[in-house]
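Chains, contacts and geometry: an overview
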Amino acid sequence: MELRHLRYFVTIVDEGGFTRAAERLHVTQPGLSAQLRQLEKELGLPLLHRGGRRVTLTEAGAAVLPHARAALAAAERAGQVADEFTGLLRGQVRIGLISGATADEFDVAGALAGFHAAHPGITIGLTEDISAEMLAAVLRGELDAALVSLTSDPPDPRLGLQVVLDTPVVAAVAAHAEGYGATLKVRALRGEPLICLPTGTGVRAELEKACAAAGFRAEVAFEAAAPPLLLRLAARGFGIAVVPGLEPEEAAAFGVRAIPLVPEIRGRLALAWNAENSRGPAAAALVTALRAAFAPA
């Protein structure tokens, strides 16, 4: 029995038929059929029902399938270990980013370019989502690392975390708005239309927690995943944007004034990875590279 026979069998099942499987494997359909028949002959049992528009598993095929997948996964891991010993890493890594993580202060593109230059055999997949979803994906093994916003709640002990930014959260109001002092008490947000990041982000969770502690429920009138949009809405007078800290020149460029909140709310951005269950040497190399790239100066 050869691994390629198992790979052909699994691909036929995943693609639902011989035609698409042959295209994916870059082999002819008659050749693929012949290889599967050889596997069935070696096992002494038919693995697929070939009638109908889609092939289906026989009872024996259903029993063999998980073992075929396990054998292919084991072979891939063995190859990764061999590559690690020779200094040649291969495979795919997957990274999650919150919106805004590509700002100049986080040179994500530069970090990934450096990683790719050091490990050209590793392909990189990127996804963008809210922090809560990405942290769950890291724990499920669907992401190898993610740049996320944190809440003040204790993190899951299975996560590895490296804080890369810790900044006060501010209230951003239109630059021409009147009636605001040097600071703004959280309780003064009661009844105000608020502009904030979506539920599932660290800043939104901390805002809601602070408002609850002050005895009211935050009234978020507008939400968006991109902080620049929040600031533009505030500049047009749609409400008070609650966003991570802004430098004065940055606030002026957006047409807003940033006012510190009292009591202080903090926004934290962190690199997260699964500390208990790395997917292999490629994922480990990714985490090492990103930790070095985002290490405090």
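So, here is what we can say about the structure in this document. Values in this document were obtained by computation on a predicted structure and should not be read as measured data.

All right, on to the overall build of the chain then. Looking only at helices and strands, one finds ten helices and twelve strands in the chain. On C-alpha atoms alone, the chain measures out to a radius of gyration of 26 Å, which is more than a quarter above the 19 Å that the 2.2 N^0.38 rule sets for 297 residues. With the C-alpha coordinates of the chain rotated into their principal frame, the extents come out at 85 × 45 × 35 Å. With 297 residues in all, the chain has 42% of them scored as buried. Restricting to contacts in the chain with at least 6 residues of sequence separation, those with at least 24 account for 74%. Within the structure as shown, the chain displays about 15,800 Å² of accessible surface, and the carbon and sulfur contribution to it stands at 55%. Once the 28 positive and 32 negative side-chain charges of the chain are each reduced to a mean point, those two points are 6 Å apart.

Looking now at the packing of helix α1 (residues 3-15) against helix α2 (residues 18-25). A packed helix pair is summarised by two numbers, namely the angle formed by the two axes and the spacing between the axes. At their nearest, the axes of α1 and α2 sit 8 Å apart, and the two run at 125 degrees to each other. In this view, α1 runs oblique relative to α2, as classed from their interaxial angle. The way α1 lies across α2 gives a crossing that is right-handed. Contact residues: R7, Y8, T11, I12, D14 and E15 in α1; F18, R20, A21, R24 and L25 in α2. Among the residues forming the contact of α1 with α2, the class breakdown is five nonpolar, one polar and five charged.

The pairing of strand β8 (residues 194-196) with strand β9 (residues 220-223) spans three bridges and is classified as parallel. Its bridge partner being in β9, I195 is matched across the sheet by F222. With respect to chirality, the unit in which β8 leads through helix α7 (residues 202-213) into the neighbouring parallel β9 is right-handed.

The subject of this paragraph is α7. Helix length check: α7, at twelve residues, gives a terminal C-alpha distance of 17 Å against a target of 16 Å (1.5 Å per residue), a fit within 8%. Along α7, the positions that sit buried rather than exposed are G202, V203, R204, E206, L207, A210 and C211. Structurally, α7 contributes buried residues whose contacts are with β5 (145-150), β6 (159-174), β8, β9, β10 (240-244) and β12 (266-274). At the C-terminal side of α7, G215 shows a positive phi close to 95 degrees.

Turning our eyes to something else, we now look at helix α10 (residues 281-293). Compared with an ideal rise of 1.5 Å per residue, which puts 13 residues at 18 Å, α10 spans 18 Å between its outermost C-alpha atoms and is within 8% of the ideal. Within α10 the residues assigned to the buried category are P281, A282, A283, A285, L286, V287 and L290.

Quick look at the packing of aromatic side chains now. As enumerated under the stated definition, the model contains one aromatic pair in all. On the numbers, 5.3 Å between centres and 75 degrees between planes, the contact of F222 with F238 is edge-to-face. With F222 in strand β9 and F238 in the loop between α8 (227-235) and β10, the pair connects residues that are 16 residues apart, well separated along the chain. Residue F222 is classed as partly exposed on the basis of its relative accessible area, which comes to 30%.

About the criteria used
- Residues numbered from 1 in each chain as written.
- Predicted model: local features only at pLDDT ≥ 70, side-chain atom pairs only at ≥ 80, totals over all residues.
- Heavy atoms only, no water.
- Helix = DSSP H or I, 4+ residues; strand = E, 2+ residues; numbered from the N terminus.
- Rg over C-alpha atoms; globule rule 2.2 N^0.38 Å.
- Buried < 20%, exposed > 50% of the residue type's maximum accessible area, 1.4 Å probe, protein only.
- Contact = heavy atoms within 4.5 Å.
- Areas by Shrake-Rupley, 256 points an atom, 1.4 Å probe, with all protein chains shown as cover.
- Lys, Arg positive; Asp, Glu negative; His and termini not counted.
- Charge placed at Lys NZ, Arg CZ, Asp CG, Glu CD.
- Axes fitted to C-alpha atoms, helices over the stretch in contact; angles between N-to-C directions.
- Parallel < 35°, antiparallel > 145°, perpendicular 65-115°, else oblique.
- Left-handed = near helix turned anticlockwise from the far one by under 90°.
- Nonpolar A, V, L, I, M, F, W, Y, C, P; charged D, E, K, R; others polar.
- Pairing = 2+ DSSP bridges.
- Right-handed = clockwise from strand over helix to strand, strands pointing away.
- Expected span 1.5 Å × (residues − 1).
- Phe/Tyr/Trp six-rings, centres within 6.5 Å; stacked < 30°, edge-to-face > 60°.

None of this, on its own, says anything about what the molecule does.
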